Amino acid sequence: MTAPVFLVDSLEGVSPGSPLTLDGPEGRHAVSVRRLKPGEEIVLTDGHGRGAAGVVLRTEGKDTLIVQADSLPVEPEPRPRITVVQALPKGDRGELAVETMTETGVDAIVPWSAARCVTQWKGERGAKSLGKWRATAREAGKQSRRLRFPDVAEAATTKQIAALLAEADFAAVLHEEGAEPLATAELPAEGSIVLVVGPEGGVSPEELAVFEAAGARPYRLGRTVLRTSTAGTAGVALLLGRTGRWS
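Conventions we followed
- Residues numbered from 1 in each chain as written.
- Predicted model: local features only at pLDDT ≥ 70, side-chain atom pairs only at ≥ 80, totals over all residues.
- Heavy atoms only, no water.
- UniProt positions renumbered as here; feature names shortened; annotations may be inferred.
- Domains from an automatic or database assignment.
- Contact = heavy atoms within 4.5 Å.
- Buried area = accessible area lost by both parts, 1.4 Å probe.
- Salt bridge = Lys/Arg side-chain N within 4 Å of Asp/Glu carboxyl O.
- Pairing = 2+ DSSP bridges.
- Helix = DSSP H or I, 4+ residues; strand = E, 2+ residues; numbered from the N terminus.

Going by an unreviewed UniProt entry, the chain carries the name Ribosomal RNA small subunit methyltransferase E and comes from Streptomyces jumonjinensis. We quote the UniProt Subcellular location (unreviewed entry) comment for the chain here in full: "Cytoplasm". The chain has a UniProt comment under Catalytic activity (unreviewed entry) that states "uridine(1498) in 16S rRNA + S-adenosyl-L-methionine = N(3)-methyluridine(1498) in 16S rRNA + S-adenosyl-L-homocysteine + H(+)".

Visitor: Even after reading the chapter, I still don't get the domain arrangement of the chain, so can you show me in this structure?
Guide: Accessible area lost when the parts come together is the quantity often used to give the size of an interface. In terms of domain boundaries, the chain breaks down into domain 1 (5-71) and domain 2 (81-243). For domain 1 versus domain 2, the distance between C-alpha centres works out to 33 Å. Across the contact, twelve residues belong to domain 1 and seven residues belong to domain 2. Here domain 1 and domain 2 share an interface that buries about 760 Å² over both sides, 59% of which is from carbon and sulfur atoms. Counting the surface domain 1 buries against domain 2, the share from its top three residues, V5, L7 and G47, is 52%. Across the domain 1-domain 2 interface, the total number found is one salt bridge.

Visitor: I would appreciate a short explanation of the pairing of strand 5 (residues 64-71) in the present structure.
Guide: Sheet faces and side chains relate simply in a regular strand, where the side chains alternate between the two faces. Relative to strand 5, strand 2 (residues 19-22) is paired through four bridges, and the arrangement is antiparallel. Bridge pairing links T21 to I66 in strand 5. Pairing between strand 4 (residues 51-60) and strand 5: seven bridges, direction antiparallel. When the sheet's bridge partners are listed, T59 is paired in strand 5 with L65. Hairpin connection from strand 4 to strand 5: three residues lie between these consecutive antiparallel strands, with G61 at a positive phi of about 70°.

And the structure:
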């Protein structure tokens, strides 16, 4: 089994052989929940691509670990970078989408308030929901042993999504009536890929027109119609395989 991953604020100035302190909520989880003991392997990360892999030297109380960093692995910047624009699903399906996309390997997630979304993020509720998505991405990043966690942006409007699509090297809208399968699309080896996943009611014709004007074409995944909470994960897996990032 691979070593468990825990998040720290920074790894600046860390060198191989130096001791590191893991405390606070992460230290408490390591000591009191995972019950890590001296000599066990552990990985610390800043969530931005830098890591410190080593062993537990000792525990102090119920919430502190002292770790010896034996190596400093680095997860390079992804090429190409994959962003999923995720329309807001109902209930906790948004967190499910974030969790599975993170475990699969997405690089960024942009919540989208589409016209046909039943759920809308407004005020305090919106801030709380965004916080849940970000916490889910953080926990899923640790669980999947990533050193670089995905960015979860503020909820965006259709106009803002169109601007994001216009800047991408490849932009696609998952649509059951897409003439071309995503599996045969010509993909860039560098730069950025942006994939739009619509809500339960689908992307409206008006939204689709705006996105096409920004350079995003509609593509289908396959013969079946997936839920909005699973389509992004399937799309990311396909793109990771086709771009060689899973090689």
